[in-house]
Amino acid sequence: STGKLISFTLIDETASIRATMFNGAVDRFNETLVPNQIFTVSGGQVKNANKRFSNVNNEYEVTLDESTIIEQCRDGGAQIPQQRYNFVPISVLEKREANTMCDILCVIQQIQDVGKVVVKATGAELVKRTCRVTDKTAAVDLTFWGDQALSFNYPAGSVLAVKNVRIGSFDGCSLSTTMSSTVDVNPNIPDTKVLVDWFQTTNGTDVQSISGRRDMADMDNTMFRGRKFFDDIQAEGLGRGEKADFVDIRCTPFYVRADRINYEACPTCNKKVQGVDNAFRCEKCNREVATPDLRYMCSIHVSDNVNTFWVTLFNDCLLYTSDAADEEDSVDLGGRRIIKKKK
């Protein structure tokens, strides 16, 4: 379905909280909401925060609707609370879950021209601008999208405090802005001067980039889609084209279907053979097989903390558990021992 959405962060002197409104509420309050102004907000539904879309340091978030009352505060003596950040060193982004959000304090090292990409699933054309940013621990590619890309006018050497950027895993590790991302240029905080002094001395040449790393050299890299949630795979229609799509998935198995863990396969094509008159036949190769290979296959039900999915592991895919972590020749799958094929 289609609709309208606005997401923003509310701050007072005690904490921050993410707020979201949809459709009719967007039409009513879109012109009222102005960044860096003080408002009183009444009404709304409080619920547990969805950390997949926000890294605001709060266990809750609020959804506002058309019955909400939002009024701008006219008290000239009121002080605007300072934006709160939870800065993450760039070097640790590789260890963070893909598609989660973070805040970074960085300095611009390189800037690319504005480019355009076409979304495979929808055919929509998007505008982007990618720049290489760095801190004292590592460098990473940061992509601005839409209006943020078109209005980007920050020169190299500028310090950016970027809130709510999404971590991606395509072509190594990368960052992308979202509609809830905010950028503060040369923020008035002590760490800004420290970062400027370091960059002016080193130009960022003493750190490595965590973008552009690919550890899947044996596959077609043009088809590698990075780390995904199961919902993303379905929404983007991955695996439905003429060529295979490759993704990384981080998930937890919670059920192993142990009724069948192997099959007799053709040594040439690895397809299942059929037993015929005390012999075996491969329909794909159209020939009889004297001695088929025994290949392993196991179906497991897994969760990526958003949805569940059935996944099939074949011969070369091994699922390691804590019970088998110290054994180099076997893996424990739901109480059944699978022995690795000897080379």
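Procedures and definitions
- Residues numbered from 1 in each chain as written.
- Predicted model: local features only at pLDDT ≥ 70, side-chain atom pairs only at ≥ 80, totals over all residues.
- Heavy atoms only, no water.
- Helix = DSSP H or I, 4+ residues; strand = E, 2+ residues; numbered from the N terminus.
- Buried < 20%, exposed > 50% of the residue type's maximum accessible area, 1.4 Å probe, protein only.
- Contact = heavy atoms within 4.5 Å.
- Areas by Shrake-Rupley, 256 points an atom, 1.4 Å probe, with all protein chains shown as cover.
- Pairing = 2+ DSSP bridges.
- Axes fitted to C-alpha atoms, helices over the stretch in contact; angles between N-to-C directions.
- Core = buried A, V, L, I, M, F, W, Y, C linked by side-chain atoms within 4.5 Å.
- Patch = residues over 30% accessible without salt bridge, like charges linked within 9 Å, V, L, I, M, F, W, Y side chains within 5 Å.
- Salt bridge = Lys/Arg side-chain N within 4 Å of Asp/Glu carboxyl O.
- Polar contact = N/O pair within 3.5 Å; in protein donor to acceptor, adjacent residues only side chain to side chain.
- Phe/Tyr/Trp six-rings, centres within 6.5 Å; stacked < 30°, edge-to-face > 60°.

As for the overall build of the protein
Scanning the protein from terminus to terminus reveals four helices and 24 strands. Burial statistics for the protein: of 343 residues in total, 35% are counted as buried. Considering only contacts within the protein whose residues lie at least 6 apart along the sequence, 56% involve residues at least 24 apart. Per element, the accessible surface of the protein, about 20800 Å² overall, is 47% carbon and sulfur.

Section: the sheet that holds strand β15 (residues 252-257)
Spatial strand order, β15-β21-β22: three strands in an open sheet with antiparallel pairing. Bordering the open sheet on either side are β15 and β22 (308-313), each of which pairs with just one other strand. Going from strand to strand, the sheet's axes swing by 30° on average, the running direction of each strand aside. Sheet analysis places β15 next to strand β21 (residues 298-303), joined by five bridges and oriented antiparallel. Counterpart to T252 in the pairing with β21 is S303.

Details of the nonpolar core
If you look at the biggest cluster of nonpolar residues, it comprises 23 residues, and the most contacted ones within it are L93, C102, V133, L142 and L175. For this core, the secondary structure elements donating two or more residues are β7 (101-111), β9 (125-134), β10 (139-145) and β11 (159-168). L142 has contacts with R129, T130, C131, V133, V162, V165, L175, S176 and T177, leaving out every residue within four places of it along the chain. Within the second largest apolar cluster, ten residues are counted, among which are F8, A19, A25 and I70.

Things to note about a nonpolar patch on the surface
Judged by side-chain polarity, L5, F22 and M179 come together as a nonpolar surface patch covering roughly 300 Å² of accessible area. Here F22 falls in the partly exposed class, since its relative accessible area comes to 39%.

Considerations on the pattern of salt bridges
Taken as a whole, this structure holds seven salt bridges when the rule is applied. For D103, the salt bridge identified is with K163, shortest N-O distance 3.0 Å. Linking D103 in strand β7 with K163 in strand β11, this pair joins segments that are 60 residues apart in sequence. In this pair, the class of D103 matches that of K163, namely buried. As a salt-bridge pair, D197 and K193 come within 2.8 Å of each other at their nearest N and O atoms. Highlighted residues: D197 and K193, both in helix α3 (residues 190-202), separated by four residues, approximately one helical turn. Assessed through its relative accessible area of 56%, K193 is described here as exposed.

Notes on the sheet that holds strand β17 (residues 274-276)
Strand order across the open sheet formed by three strands is β17-β18-β19, with antiparallel pairing between neighbours. Strands with a single pairing partner mark the edges of an open sheet, and in this sheet they are β17 and β19 (287-289). Taking each pair of neighbouring strands and ignoring which way they run, the sheet shows an average axis angle of 45°. Pairing geometry for strand β18 (residues 279-282) and β19, over three bridges, is antiparallel. When the bridges of β19 are listed, R281 appears paired with E288.

Considering the pairing of β10
Buried residues dominate β10, accounting for five of its seven residues. Here β9 pairs with β10 via seven bridges, running antiparallel. Residue T134 lies in a different strand from β10, and its bridge partner there is A139. Between β9 and β10, which pair antiparallel and follow one another directly, the connecting turn spans four residues. In terms of strand pairing, β10 meets strand β12 (residues 174-185) through three bridges, oriented parallel. Bridge assignment links L142 to a residue of β12, and that residue is L175.

Looking at the side chain of S181
Relative to the elements of secondary structure, S181 occurs in strand β12. You can call S181 buried: its relative accessible area is 6%. In terms of polar contacts, S181 uses its side chain to reach the backbone amide nitrogen of T178, at 2.7 Å. In this view, S181 contacts Q148, K163, N164 and V165; residues no more than four positions away in its chain are not counted.

So, the packing of aromatic side chains
Aromatic ring pairs are reported here in terms of the distance separating the ring centres and the angle at which the planes meet. Tallying each qualifying case throughout the model produces six aromatic pairs. Linked through ring pairs, F144, F152 and Y154 together constitute an aromatic cluster.

As for the pairing of strand β5 (residues 60-64)
With four of five residues buried, β5 is to be regarded as a mostly interior element. In terms of strand pairing, strand β2 (residues 16-22) meets β5 through four bridges, oriented parallel. Looking across to β5, one finds that M21 is bridged to L64. As defined by bridge partners, strand β4 (residues 45-48) adjoins β5 across four bridges and the pair is classed as antiparallel.

Observations concerning the side chain of T63
With respect to the helices and strands, the residue T63 is situated in strand β5. Apart from the residues lying within four places of it in its own chain, the contact partners of T63 are T20, F22, G44, Q45 and K47.

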